[in-house]
Amino acid sequence: MAMTDLAPRASVSVLRILTTPFVAFGKAIMKISESNAQVRRARFLMDLSDTELAARGLKRDEIIQHVFSARAGI
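Residues numbered from 1 in each chain as written. Predicted model: local features only at pLDDT ≥ 70, side-chain atom pairs only at ≥ 80, totals over all residues. Heavy atoms only, no water.

Q: Looking at this structure, how should I read the nonpolar core?
A: Nonpolar side chains in soluble globular proteins tend to be buried together. Formed by Ala42, Leu45, Leu48, Leu53, Leu58, Ile63 and Val67, the largest nonpolar core amounts to seven residues. Counting residues per element, the ones that place at least two in this core are α1 (14-47) and α3 (63-72). Non-local contacts of Ala42, meaning those with residues more than four positions away in its chain, are made with Ile63, Ile64 and Val67. (Core = buried A, V, L, I, M, F, W, Y, C linked by side-chain atoms within 4.5 Å. Buried < 20%, exposed > 50% of the residue type's maximum accessible area, 1.4 Å probe, protein only. Helix = DSSP H or I, 4+ residues; strand = E, 2+ residues; numbered from the N terminus. Contact = heavy atoms within 4.5 Å.)

Q: How do you make sense of the pattern of salt bridges when you look at a structure like this?
A: When the charged atoms of two side chains with opposite charge come close together, those side chains can pair. Following the criterion strictly, the structure yields one salt bridge and no others. The closest approach of N and O atoms between Asp50 and Arg60, which form a salt bridge, is 2.9 Å. With Asp50 in helix α2 (residues 50-55) and Arg60 in the loop between α2 and α3, this pair connects stretches of sequence that are 10 residues apart. In this structure Asp50 comes out as exposed when scored by relative accessible area, which is 52%. We classify Arg60 as partly exposed; its relative accessible area is 37%. (Salt bridge = Lys/Arg side-chain N within 4 Å of Asp/Glu carboxyl O.)

Q: Looking at this model, I keep getting lost on a nonpolar patch on the surface. Mind explaining?
A: Judged by side-chain polarity, Phe25, Ile29 and Ile32 come together as a nonpolar surface patch covering roughly 310 Å² of accessible area. In this fold, Ile32 is placed in helix α1. (Patch = residues over 30% accessible without salt bridge, like charges linked within 9 Å, V, L, I, M, F, W, Y side chains within 5 Å. Areas by Shrake-Rupley, 256 points an atom, 1.4 Å probe, with all protein chains shown as cover.)

Q: Would you take a moment to explain the side chain of Ser69 for this structure?
A: By secondary structure assignment, the location of Ser69 is in helix α3. Residue Ser69 is classed as buried on the basis of its relative accessible area, which comes to 14%. At a separation of 2.4 Å, a polar atom in the side chain of Ser69 contacts the main-chain carbonyl oxygen of Gln65. (Polar contact = N/O pair within 3.5 Å; in protein donor to acceptor, adjacent residues only side chain to side chain.)

Q: Teacher, can you tell me more about the environment of Leu48 here?
A: Checked against the element boundaries, Leu48 lands in the loop between α1 and α2. Residue class for Leu48 comes out buried when judged on its relative accessible area of 11%. Residues Leu48 and Arg60 lie 12 residues apart in sequence; the distance between their C-alpha atoms is 9.1 Å. When neighbours within four sequence positions are excluded, Leu48 is seen to be in contact with Leu53, Arg56 and Arg60.

In structure tokens:
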């Protein structure tokens, strides 16, 4: 009697196995750099006076939402 294997086989290339840690590291570095840029932007805006914020169309209590939602597309 012949046996048939119906389970799909995972095709994992050696290249994918070798590059996965580097891709993950690159994504982590990008997240850190984007986060730092957002924090710097928020600090910059927080250092402005209320008059300067108003000229930019912002209120002090809107800074965090403005900075972090711009990247998220919210």
